[in-house]
Amino acid sequence: MGFNATWAPTASALVLVVAVTTNEDGSPRPYALYDAGLASAFMTVEASHRGIAVHPIAGFNRDQVKAEYSLPENFAQTAILVLGKQAPADALGNSALIERENAPRVRLKLPELVVAGLPKPQDLAFSA
Ligand SMILES: Cc1cc2nc3c(=O)[nH]c(=O)nc-3n(C[C@H](O)[C@H](O)[C@H](O)COP(=O)(O)O)c2cc1C
């Protein structure tokens, strides 16, 4: 969807990561989302190691994907991993996208992510 539609279709592969949220008997699989996240992370690390660029996107039409692939109700769509050979930023052809692609990568410092003790939710840096 949106800007994703300008670059994602040029990738080599789009991998939809789904979490299967219930077992065959209908009982919940409470770690399904955690497992899907781990699988995505390891695929990202392995692909990067092999020189394949990975760009996760959440901006896609979930209703359309569900209908197109007849996904059952217990398949929770998490993200699509867009995989391919990294193109030069200029190939994006859109100044906002090119600027974002060339911008320095910024990461939160560890103390902003790791909290010792039992913090109140409102004390967390990422709370609303
Ligand atoms: C779950 C998830 C969903 C994302 N969805 C999109 C998206 O729809 N479109 C997009 O351009 N970037 C999206 N991003 C951001 C990029 O994948 C990427 O993480 C971000 O541009 C930071 O890039 P960097 O790791 O090179 O700093 C998403 C990231 C995550 C983790």
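In short, a report on the structure.

The rules behind the values
- Residues numbered from 1 in each chain as written.
- Predicted model: local features only at pLDDT ≥ 70, side-chain atom pairs only at ≥ 80, totals over all residues.
- Heavy atoms only, no water.
- Helix = DSSP H or I, 4+ residues; strand = E, 2+ residues; numbered from the N terminus.
- Rg over C-alpha atoms; globule rule 2.2 N^0.38 Å.
- Buried < 20%, exposed > 50% of the residue type's maximum accessible area, 1.4 Å probe, protein only.
- Contact = heavy atoms within 4.5 Å.
- Areas by Shrake-Rupley, 256 points an atom, 1.4 Å probe, with all protein chains shown as cover.
- Lys, Arg positive; Asp, Glu negative; His and termini not counted.
- Charge placed at Lys NZ, Arg CZ, Asp CG, Glu CD.
- Core = buried A, V, L, I, M, F, W, Y, C linked by side-chain atoms within 4.5 Å.
- Near = heavy atom within 4 Å.
- Polar contact = N/O pair within 3.5 Å; in protein donor to acceptor, adjacent residues only side chain to side chain.

## Describing the overall build of the protein
(1) Moving on: When helices and strands are counted, the protein shows five helices and three strands.
(2) Moving on: In the protein, the order of α-helices and β-strands from amino to carboxyl end is α-β-α-β-α-β-α-α.
(3) Moving on: At 18 Å, the protein has a C-alpha radius of gyration far larger than the 14 Å of a compact globule built from 128 residues.
(4) Moving on: With respect to the three principal axes, the spread of C-alpha positions in the protein is 50 × 45 × 30 Å.
(5) Moving on: Burial analysis of the protein (128 residues in total) assigns 19% to the buried set.
(6) Moving on: Summarising the internal contacts of the protein: among those between residues at least 6 apart in sequence, 64% fall at separations of at least 24.
(7) Moving on: Carbon and sulfur atoms provide 60% of the accessible area of the protein, an area that totals close to 9700 Å².
(8) Moving on: Side-chain charges in the protein split into 10 positive and 12 negative, and the spacing between the mean points of these groups amounts to 6 Å.

## A short note on the nonpolar core
(1) Moving on: Counting nine residues, the largest nonpolar core is built from Trp-7, Ala-8, Ile-57, Phe-60, Val-65, Leu-71, Ile-80, Val-82 and Leu-97.
(2) Moving on: Contact partners of Leu-97, with chain neighbours within four places excluded, come to Phe-3, Thr-6, Trp-7 and Leu-92.
(3) Moving on: Counting residues in hydrophobic clusters, the runner-up holds eight residues, among them Ala-19, Ala-47, Val-54 and Leu-83.

## Some remarks on the site of the ligand
(1) Moving on: Looking at the ligand, the residues that line it are Asn-4, Trp-7, His-55, Pro-56, Ile-57, Ala-58, Gly-59, Arg-100, Arg-105 and Arg-107.
(2) Moving on: One of the backbone nitrogen or oxygen atoms of Ala-58 is found 2.8 Å away from a nitrogen atom of the ligand.
(3) Moving on: In the environment of the ligand, an oxygen atom lies 2.9 Å from a nitrogen or oxygen atom belonging to the backbone of Gly-59.
(4) Moving on: Burial of the ligand by the protein amounts to 55% of the accessible area it has alone, namely 630 Å².

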